[in-house]
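One letter stands for each residue in the lines below.
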Amino acid sequence: MGATSVIRKVQSFQTLGFRMAAPEWASGAVLVESVQDIRTGVKPGDQILLSNGAEVGGPVGLAEHLRRESHTGLVVLRQGQLVQVVYDRPALAVDIPYLILSLIGVVYLLIGLYTLLRQQKGHAFLFFLWCLASAATYLLSAVPPVDLAFVLVTLGDEAARLLLPALTLHLFLVFPFSLGGRTGRRLIPFLYLPGMALLALQLDLGLTNGRWIFGTPTDARLQLLDRVEMAQLAIFALASVALLVRRLVVHRGWEHQRQTQWVALGLAGGYVPFLALYGIPFLLGFHAPEVLRAASVVPLALVPVTFAYAILRYKLWDIEVIVRDTISLTLTLMLGLIGFSLVNLAINRGISQELSLARNLLSFASGLGIAGLLVPTRAGISSALERFQYRGKWGKRRALNELGRELLYERDFGRLCDALLRQMEEGVELERVNLYICQGPALVPVRPAADLPVRLETDALGESFWRKDVLEISGLALPLESLTPMQQLFIAGFRYAFPLTVRGRGIGIALAGFRHDQTPLNSDDSELIRQLLNQASLAIENAQLVGQLSLRLQEVQSLQRYSDGIFESSPAGIAVLDEGDRVVSANAAFGTVSGLQRDHLIGRPLSEILPVSPLPEMGRGPVEVSFCDPAGRERHLQVSLAAFDSQSESEDTAGKPGRPLRVLVVHDVSERVAMENALKEQDRLAALGMLAAGVAHEVNTPITGISSYAQMLLLDIPEDHPHHEILKKVERQTFRAARIVNNLLELARDRPKERGPVSIVPLLTECVDLLGERLEKKRIEIAWDLPDEDVVVLGCDGELQQVFTNLIVNAFDAMSGHPGCTRGGRLTIRVEAEADKALVSIQDTGPGIPPEKLEAIFQPFYSTKLNRGGTGLGLSISSEIVRRHGGRLEAESRPGEGACFRVELPTA
């Protein structure tokens, strides 16, 4: 019935422009009863006799002939005269709302049948009857000619339209649970009384022309009947909505609540736009525009979808997928059918009936073309419906398909797993996800949690698990002493397990829970996750292999760094020598010992680097050698030689053992030797101090007596006496002897003195000022090199002044006593501050000190001014004072270039 109605309705889109009556006489002439379009060329009362020279064959044949041709020659009998008329076919008048309603009717019918087949108990049959009545209401539309099909379609349409309100209210009274109890169920048959009464009126009109019940049909009565039918539909729909509002208030468990919410959503989304855009204007007597009528009927498709979704009680989670596929298939078939009908209509109108072969070929070609477009059309419709279904989530779901390919380029295992789990959560809106990855004989979680098993055996979910696409996790099991792994996963909130396999070998398990709205996954979701995991499995295996390779590489690099660290951190200089005593490799300490950078050592003979010859024998103890470096400093080295490990010897390109290598180990023991010498010097000085203290004690008394007697005699002898000058010499010599004795006592003493912050620059300035007259007299130039900020050390200012004065006086004497320096000299005083020490340099332009005498100048009684009144104790006392301050005094000199004395003191 629906197919017949659709075909007739589509054919009626092409109107004739006039209305025909029954034939007037036996020849089959057709009487024109009324004219709607004057462009047809006919007038009311015309009797059409011939069409393109042929008999018309009645109204049906004439209508079919006129619809095929755009221009038809007619012979009519008009007012007793034969007249030739050219008939112009009117334009198409497509009823778009009907096409949409017919499509919705097919959706209703398919959903009702599917629900009845899936659930053959409860409310499924009532829902099927409701879908059947809705489908008949939308599909059936009576189109002339009046024949048996016309009568059947008319009766079916009226019966469905009048019974649909009662079926709707009946369904809402009992679904998802009955309201009103037993009394309410007894009153349900009375819901059908209004519809049955209106159906009786329609039957009376259709069968007896209103002779039994309705009475004489008039336009006013017929319009009133239509409005009563629409009012019945509106009242019953509003009552149904009121019942659903009550159900939303009355809670009967979460499942009934969700079912009611879906039904209410379908009604609000389907009937409210229909009533607002079409029903209310119709009741008020307004004729709504065709656009509003079309828009009002489109949302009606929501009603059966949401009802079926609710009736199936969430057991069929693929309802969205099935509905989407059904709608896309139905729309595709309807578009194909409508398109073919319109193309066929255009061919019949545009090509003459005489060219039957061309018409048939074009019809066949158009059919093939439309059939070829059906597959991409359905794919486009399905994609559009999927986009509409998921809306904001559609992009995330599509991103999952691209993610699988992107993951193949990710090599970091941690980032790979995080990206995979995050995209699964966001794309499918999962409540919980996790991964178990194979590590050895067991599976361990990527995201450990307190409620998850620490590890799973590979057969924990069954031996057949690895051959499945997905496993639904169930918490049901026989009571045991301990929970099974599947029960533990179920308690943790996971409901699905997806195996990750590569070439038939399991590498992990992906776990997923329900979606955020507590709904299970449908087949679309499962297939989407499955496709993603198929690509991610290979990416995970690659990342694991890369991770293992990286781990092995890190171990090798760690061992290499360990061995290199030992080699480089060794305080001893190590060099590998070939048989020609050329350096093959060396550590940093060897470069420090040799005074060259390591890059300049490789390939050079050892004789050019260190004057160590001959080399000690291999396997013997270390040998100590000494030499002077280019700066004139004496260096002491401890050298040993060993054979290179034979297992590590290099090989030549032919794979044969290379030349034997040897390892040279060098220790710089210069500081140790210096410390030993200093210790010897300290011992010598200690012995000397004790000797000096004894000598000074014994010698001081007679010197004091001699000095006193000399002074007494000088008072009694006049200056012109010959002995006066002799006594003066005795007095001067006794003073000199007393000064020597006092210096010996000062050298022997180690008296602690009070220390405090001492500014170096002001102290040096004061020393220079005290000697200013002497310096100017000998034309000595002073050059200062001072820092921007003052340098402060911790010490005794008197003792430090004695040190600096002594050094300045020595420099002055060296320059003034030098024959080449009679015109003066240059005294440079430089102060430098480092991290924790201060450096004071006093440099002269005198003759300098020979290298062989540098070590002796700090020894007591050594002096180059003994013939000029020097005692040889100044530098010894200065060195001892600096040592007591925690510093050191050094001297550098080259013959003919002057000397430089450096005082190093710790800063305050």
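So, here is what we can say about the structure in this document. (Residues numbered from 1 in each chain as written. Predicted model: local features only at pLDDT ≥ 70, side-chain atom pairs only at ≥ 80, totals over all residues. Heavy atoms only, no water.)

1. Regarding the overall build of the chain
To be explicit about the condition: To qualify as a helix, a DSSP run of H or I must reach at least 4 residues; to qualify as a strand, a run of E must reach at least 2; elements of each kind are numbered from the N terminus. Buried means the residue's accessible area, taken with a 1.4 Å probe over protein chains only, is under 20% of the maximum for its type, while exposed means over 50%, and partly exposed covers the values in between. When checking whether two residues touch, look at their non-hydrogen atoms; a contact exists if any pair is within 4.5 Å. The accessible surface values rely on the Shrake-Rupley method and a 1.4 Å probe; as for residues, cover is taken only from the protein chains in view.
When you go through the chain residue by residue, the secondary structure sums to 24 helices and 24 strands. Residue burial in the chain is summarised as follows: out of 908 residues, 41% are buried. Partitioning the contacts of the chain with sequence separation of at least 6, the portion at a separation of at least 24 is 63%. Within the structure as shown, the chain displays about 49900 Å² of accessible surface, and the carbon and sulfur contribution to it stands at 59%.

2. Overview of the nonpolar core
Operational definition: Residue types Ala, Val, Leu, Ile, Met, Phe, Trp, Tyr and Cys, when buried and joined through side-chain atoms within 4.5 Å, form a set referred to as a nonpolar core.
The biggest cluster of nonpolar side chains holds 41 residues, and the ones touching the most others in it are Tyr 108, Phe 127, Trp 130, Leu 171, Leu 191, Leu 300 and Phe 307. Elements that contribute at least two residues to this core include exactly α3 (96–118), α4 (124–139), α5 (148–174), α8 (219–249), α9 (254–283) and α11 (302–311). If one sorts the elements of this core by residue count, α5 sits on top with 10 residues. If you look at the next biggest cluster of nonpolar residues, it comprises 40 residues, including Leu 763, Val 793, Ile 842 and Ala 899.

3. Section: the environment of Ala 460
As for its placement among the helices and strands, Ala 460 is situated in the loop between β9 (456–457) and β10 (471–472). The class for Ala 460 is partly exposed, based on a relative accessible area of 23%. Residues Ala 460 and Ala 442, 18 residues apart in the sequence, show an inter-C-alpha distance of 9.7 Å.

4. Topic: the sheet that holds strand β13 (residues 573–577)
The strands that make up a sheet pair up through hydrogen bonds in the backbone, lying either parallel or antiparallel. Our working rule: Here a strand pair is declared whenever DSSP counts at least two bridges between the two strands. To define axes, lines are fitted to C-alpha atoms, for helices over the stretch in contact only, and angles between the resulting N-to-C directions are given on a 0 to 180 degree scale.
Reading across from one edge, β14-β13-β17-β16-β15 is the order of the 5 strands in this open sheet, with antiparallel pairing throughout. The open sheet has two free edges, formed respectively by β14 (583–586) and β15 (623–628), since each of these has just one partner strand. The mean inter-strand angle of the sheet, taken between neighbouring strand axes irrespective of direction, is 30°. Of the strand pairs in this sheet, β13 and β14 are connected by 3 bridges, and their pairing is antiparallel. Its bridge partner lying in β14, Ala 575 is registered against Ala 586.

5. Overview of the pairing of β13
Counting buried positions along β13 yields 5 of 5 residues, so the element is predominantly enclosed. Burial along β13 is two-sided: Gly 573, Ala 575 and Leu 577 facing one way and Ile 574 and Val 576 facing the other are all buried. Pairing geometry for β13 and strand β17 (residues 662–668), over 5 bridges, is antiparallel. Bridge assignment links Ala 575 to a residue of β17, and that residue is Leu 664. Hairpin remark: β13 followed by β14, antiparallel, with 5 residues in the connecting loop; positive phi at Asp 581, about 60°.

6. Brief notes about the packing of helix α23 (residues 797–816) against helix α24 (residues 874–884)
Working note: a packed helix pair is described by the angle between its axes plus the distance between those axes. Convention followed: Here a crossing is taken to be left-handed if its near helix is turned anticlockwise relative to the far helix by less than a right angle, and right-handed if that turn runs clockwise. Note on residue classes: Ala, Val, Leu, Ile, Met, Phe, Trp, Tyr, Cys and Pro are nonpolar, Asp, Glu, Lys and Arg are charged, and everything else, Gly too, is polar.
For the pair α23 and α24, the least separation of the axes is 9 Å and the interaxial angle reads 145°. Considering how the two elements wind past one another, α23 and α24 form a crossing that is left-handed. Mapping the contact onto sequence places Glu 799, Gln 802, Val 803, Asn 806, Leu 807 and Asn 810 in α23 and Gly 874, Leu 875, Ile 877, Ser 878, Ile 881, Val 882 and Arg 884 in α24. For the contact of α23 with α24, the per-class residue count stands at 6 nonpolar, 5 polar and 2 charged.

7. Considerations on the environment of Gly 874
With respect to the helices and strands, the residue Gly 874 is situated in helix α24. When its relative accessible area of 28% is taken as the criterion, Gly 874 is described as partly exposed. C-alpha of Gly 874 to C-alpha of Phe 858: the two residues are 16 residues apart in sequence and 8.4 Å apart in space.

8. Remarks on the sheet that holds strand β21 (residues 825–833)
Taken together, the 5 strands give an open sheet; going across it, the order is β19-β21-β22-β24-β23, and neighbouring strands pair in mixed fashion. Across the chains shown, the open sheet's two edge strands, defined by having one partner strand only, are β19 (780–785) and β23 (888–893). Going from strand to strand, the sheet's axes swing by 15° on average, the running direction of each strand aside. Bridging between β19 and β21 involves 6 bridges; their strand directions are parallel. In the sheet register, Ile 780 faces β21, and the bridge partner there is Gly 825. α23 contacts β19, β21, β22 (837–843), β23 and β24 (899–906) of the sheet and is inclined by roughly 150° relative to β21.

9. Observations regarding the pairing of strand β20 (residues 792–795)
Side chains Val 793 and Gly 795 of β20 all project onto a buried face; the interleaved residues Val 792 and Leu 794 project onto a face where none is buried. Pairing of strand β18 (residues 756–759) with β20, which is carried by 4 bridges, proceeds in the antiparallel orientation. Looking across to β20, one finds that Gly 756 is bridged to Gly 795.

10. Describing the environment of Ser 70
Topologically, Ser 70 is positioned in the loop between α2 (58–68) and β5 (71–78). Along the primary structure Ser 70 and Ile 351 are separated by 281 residues, whereas in three dimensions their C-alpha atoms are 9.1 Å apart. Apart from residues no more than four positions distant in its own chain, Ser 70 is found in contact with Tyr 87, Asp 88, Arg 89 and Arg 349.

11. So, the side chain of Ser 141
Within the secondary structure layout, Ser 141 lies in the loop between α4 and α5. For Ser 141, a relative accessible area of 17% corresponds to the buried category.

12. Remarks on unusual backbone geometry
Backbone geometry at Asn 52 places phi at a positive 55°, although glycine is not the residue there. Relative to the helices and strands, Asn 52 is located in the loop between β3 (47–51) and β4 (54–55). On the basis of relative accessibility, which here comes to 44%, the residue Asn 52 falls in the partly exposed class. Phi angles above zero are rare outside glycine, and Asp 581 is one such case at about 60°. Of the residues examined, Asp 581 reaches a relative accessible area of 27% and is grouped as partly exposed.

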